[in-house]
Number of protein chains: 2
Amino acid sequence: MTAYHRGVDTSLRSTLHQRGLRMTPQRQLVLDAVCDLGHATPEQICTQVQASAPAVNITTIYRTLDLLERIGLVRHTHLGHGAPTYSEQEHQHVHLVCHSCGRITEAPTDLLDELAHRLRGDGFELDVTHLALSGLCTSCQHAPQDDLA
Amino acid sequence: MTAYHRGVDTSLRSTLHQRGLRMTPQRQLVLDAVCDLGHATPEQICTQVQASAPAVNITTIYRTLDLLERIGLVRHTHLGHGAPTYSEQEHQHVHLVCHSCGRITEAPTDLLDELAHRLRGDGFELDVTHLALSGLCTSCQHAPQDDLA
DNA sequence: CTATCTGCAAATCTTTTGCAACGGA
DNA sequence: TCCGTTGCAAAAGATTTGCAGATAG
């Protein structure tokens, strides 16, 4: 069930040890959940982790996500509405969020290359993955649209 | 002190009446605050409103912002970190947020025209103003950078 | 006069913090 | 053993809801 892309297990333990941090089962479970779920909120990650280890507290989820981000194994993206979502560091793409149905589409990051280049000229170094782009997906453009219900 | 662009006062009353809604001093104050502040969080708007009308409750701020958005007078943008910010509907621009120092820069929306066109070809209608773009501003690119402190 | 609005208090929800016990190296 | 980590409970912060009284039209 768990997707171990390029030996995540091994690199977690060593990455932690490099910094004098300890390997724990909770940390492995959180990292696994992030990889399995693609992009998920702390809440969703907690549910996933608790499926196999019910005793893990949500506080630990928050602390671990924070730590995994600091050591560069995961990143978080703000999709607009509520909670931020976490995903693997390597799994880079631009998120397109439909603000009508909430559906999230992933697009290749080079979609923003031209924009990034233009902004760099103005002194702004764009981080393509941190924020999503929002708009209307195909189906919602043609849907009745209840005038901002 | 208050900036009345193109007769906001008159249009608020009539826009409300068109929909069977009532004009109240609180609604005028909230709209004025949004216009004055540019892009502000509900909290900031509340502070601004309470400067002239201390009795106005933050609950009313939230309800009024929601209402003003539904009738198309204001819009909100997610800048990434915490709270959404509200601004006038007409005051359109792209927000660039530095995720190191948090500074917000405004850029013309036509910066995203090419991207919007490309996405439209894929069936996604981009809303340029709803989400900010994040990255590093000039000064933070050259700052020491404490490795994700 | 009536239905809409507002203020207040309390409920929710999400995230953070303090602290004692636990457990990895 | 030592100190980083965890779980629990409580705090903190943001937003929502229920309800009775105020008020626009």
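Scroll up to find the structure.
Residues numbered from 1 in each chain as written. Chains lettered and ligands numbered in written order. Predicted model: local features only at pLDDT ≥ 70, side-chain atom pairs only at ≥ 80, totals over all residues. Heavy atoms only, no water.

1. Quick look at helix α4 (residues 58–70) of chain A
Residues and elements named next belong to chain A.
Right, on to step 1. Here α4 spans 18 Å end to end across 13 residues, near enough to the 18 Å set by a 1.5 Å rise per residue.
Right, on to step 2. Taken together, the buried positions of α4 are Ile61, Thr64, Leu65, Leu67, Leu68 and Glu69.
Right, on to step 3. Backbone nitrogen of Thr59 and a side-chain oxygen of the N-cap are separated by 2.8 Å at the start of α4; the cap is Asn57.
Right, on to step 4. Once α4 finishes, Gly72 follows within two positions and takes phi at roughly 85°, a positive value. (Helix = DSSP H or I, 4+ residues; strand = E, 2+ residues; numbered from the N terminus. Expected span 1.5 Å × (residues − 1). Buried < 20%, exposed > 50% of the residue type's maximum accessible area, 1.4 Å probe, protein only. Polar contact = N/O pair within 3.5 Å; in protein donor to acceptor, adjacent residues only side chain to side chain.)

2. Concerning the protein's contact with DNA strand D
Right, on to step 1. Taken together, 19 residues are adjacent to DNA strand D, and A:Arg27, A:Thr60, A:Arg63, B:His17 and B:Tyr62 come closest.
Right, on to step 2. A:Thr24 places a polar side-chain atom, nitrogen or oxygen, 2.9 Å from a phosphate oxygen of DNA strand D.
Right, on to step 3. With respect to DNA strand D, the side chain of A:Thr60 contributes an N or O atom lying 2.4 Å from a phosphate oxygen.
Right, on to step 4. Elements with a minimum of two residues in the surface near DNA strand D: α2 (25–37) and α4 of chain A together with α1 (8–18) and α4 (58–70) of chain B.
Right, on to step 5. Grouping the amino acids of the surface near DNA strand D by side-chain chemistry returns six nonpolar, seven polar and six charged. (Near = heavy atom within 4 Å. Nonpolar A, V, L, I, M, F, W, Y, C, P; charged D, E, K, R; others polar.)

3. Section: the interface of chain A and chain B
Right, on to step 1. Taken together, the contacts link 35 residues of chain A with 35 residues of chain B.
Right, on to step 2. When chain A packs against chain B, close to 2,900 Å² is buried across both sides, 63% of that on carbon and sulfur atoms.
Right, on to step 3. Three residues, A:Leu111, A:Phe124 and A:Leu131, lead the burial of chain A against chain B; their summed loss comes to 19% of the area buried on that side.
Right, on to step 4. Our count for the contact surface shared by chain A and chain B stands at zero salt bridges.
Right, on to step 5. Inspection of the chain A/chain B interface yields eight residue pairs in polar contact (both at pLDDT 80 or more).
Right, on to step 6. Elements supplying a minimum of two residues to the side of chain A that touches chain B: α4, β3 (94–98), α5 (113–121), β5 (125–126), β6 (133–136) and α6 (138–142) of chain A. (Contact = heavy atoms within 4.5 Å. Buried area = accessible area lost by both parts, 1.4 Å probe. Salt bridge = Lys/Arg side-chain N within 4 Å of Asp/Glu carboxyl O.)

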